[in-house]
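Below are the chains, spelled out letter by letter.
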Amino acid sequence: MKIREIALKLKIPKSTVHEIVHDTLGYRKVSARWVPKMLTEDHKLQRVEISQRLLQRCQQDNGDEDTTHIGVGPGGDFQANNNLFDKLITGDETWVHLNTPETKRDSMTWKHPSSPVTKKFKVQRSATKVMATVFWDAKGVILLDILPQGQCINAARYCSTLDRLKEAIRRKRPGLLRRGVVLQHDNATPHSANLTQQWLQRYGWEILPHPAHSPDLALSDFHLLGPLKRYLGGMAFETKMNSSVN
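Residues numbered from 1 in each chain as written. Predicted model: local features only at pLDDT ≥ 70, side-chain atom pairs only at ≥ 80, totals over all residues. Heavy atoms only, no water.

Going by what an unreviewed UniProt entry lists, the protein is known as Histone-lysine N-methyltransferase SETMAR and is assigned to Plakobranchus ocellatus.

Put into structure tokens, the structure is as follows:
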């Protein structure tokens, strides 16, 4: 109920109701927290079990109780004395709009009290979009595959992308195919299809388990896809402008 409704019901001033509710009873009006998926007990149990398996996998490769030790070596090269992270490749798909407006955080600037107020106009995302698939590891992006406009990913197309990923690994990560690739991707239908599983078994790639509805374990969502969308959106916009001019 609203403060006004309580005041009308009890026939007392709104200020009195506000004082009782906020100061005396300590109530505050808050919005519900948004979560992407309502997890069942089975989902929660699956999360715990898979997280424990991932932790054991890290400890197994490292050979002790410390999960990993990550640092930056001479020249800024990434170094990790955990074999799992040397072999781990993660990937995901995302829709990239032709024009992706920068976020409020991206547009923040330092301002002196005497500086003029900066202005930002509202810009909508374009309706035109393409699907991009990206694979990366601790050293950087290995493969970026952009589908033609109007196409989306399926099992056959995903296996074709894995073929290109295999060649990219051969060129950019010498020796990794021989040591064995550890791939982490989510449970999307193209990833879990029989055709994809047969491809992975044929080349002996290990798949790290990924619990359902767990975006916090999808590394690409947190560390890559946001900046990538803005970068690719800008490239797509420039490409379209150049083609229209030519």
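(A) Region of interest: the side chain of T90. Note on placement: T90 falls in strand β3 (residues 88–97). T90 gets classed as buried once you look at its relative accessible area, which sits at 6%. Separated by 3.2 Å, the side chain of T90 and the backbone oxygen of Q184 make a polar contact. (Helix = DSSP H or I, 4+ residues; strand = E, 2+ residues; numbered from the N terminus. Buried < 20%, exposed > 50% of the residue type's maximum accessible area, 1.4 Å probe, protein only. Polar contact = N/O pair within 3.5 Å; in protein donor to acceptor, adjacent residues only side chain to side chain.)

(B) A look at the packing of aromatic side chains. Tallying each qualifying case throughout the model produces three aromatic pairs. Look at F135 and Y158: their rings are 6.3 Å apart centre to centre, the planes differ by 40°, and that puts the pair in the tilted class. Placement of the pair is F135 in strand β4 (residues 129–137) and Y158 in helix α5 (residues 155–172), with a sequence separation of 23 residues. For F135, a relative accessible area of 1% translates into the label buried. With relative accessibility at 1%, the residue Y158 sits in the buried group. (Phe/Tyr/Trp six-rings, centres within 6.5 Å; stacked < 30°, edge-to-face > 60°.)

(C) Seen up close, the nonpolar core. Among the nonpolar cores identified, the biggest contains 19 residues, and I89, F135, L162, L165, I169, L183 and W205 are the most heavily contacted of them. Contributing elements (two or more residues each) for this core: β4, β5 (140–146), α5 and α8 (194–203). Residues within four places of W205 in sequence aside, it is in contact with L162, L165, K166, I169, L177, V181, L183, W199 and L200. Among the nonpolar cores identified, the runner-up in size contains seven residues, and I50, L54, C58 and L208 belong to it. (Core = buried A, V, L, I, M, F, W, Y, C linked by side-chain atoms within 4.5 Å. Contact = heavy atoms within 4.5 Å.)

(D) Region of interest: the side chain of E93. Inspection of the secondary structure puts E93 in strand β3. Despite its burial, E93 remains without a salt bridge, the nearest opposite charge being carried by R157 at 9.3 Å. At 2.8 Å, the side chain of E93 and the side chain of H191 are in polar contact. (Lys, Arg positive; Asp, Glu negative; His and termini not counted. Salt bridge = Lys/Arg side-chain N within 4 Å of Asp/Glu carboxyl O.)

(E) Spotlight on the environment of E49. In this structure, E49 sits in helix α3 (residues 41–62). Of the residues examined, E49 reaches a relative accessible area of 43% and is grouped as partly exposed. Residues E49 and P211, 162 residues apart in the sequence, show an inter-C-alpha distance of 9.0 Å.

(F) How the structure looks around the pairing of β3. When you tally the buried positions in β3, you get nine out of ten residues, the bulk of the element. Pairing of β3 with strand β6 (residues 182–184) involves three bridges; the strand directions are parallel. If you follow L88 over to β6, its bridge partner there is V182. When β3 meets β4, the two strands line up antiparallel, connected through eight bridges. Residue T90 lies in a different strand from β4, and its bridge partner there is W136. (Pairing = 2+ DSSP bridges.)

(G) Focus on the sheet that holds β6. Spatially, five strands are ordered β5-β4-β3-β6-β7 in an open sheet, and the strand pairing comes out mixed. The sheet is open, and its two edges are formed by β5 and β7 (206–207), each paired on a single side. Along the sheet, α5 makes contact with β3, β4, β5 and β6, crossing β5 at roughly 145°. (Axes fitted to C-alpha atoms, helices over the stretch in contact; angles between N-to-C directions.)

(H) Region of the structure containing a positive patch on the surface. On the surface, K2, R4, K14 and K29 cluster together to form a positively charged patch. Mapped onto the elements, K29 comes out in the loop between α2 (14–24) and α3. (Patch = residues over 30% accessible without salt bridge, like charges linked within 9 Å, V, L, I, M, F, W, Y side chains within 5 Å. Areas by Shrake-Rupley, 256 points an atom, 1.4 Å probe, with all protein chains shown as cover. Charge placed at Lys NZ, Arg CZ, Asp CG, Glu CD.)

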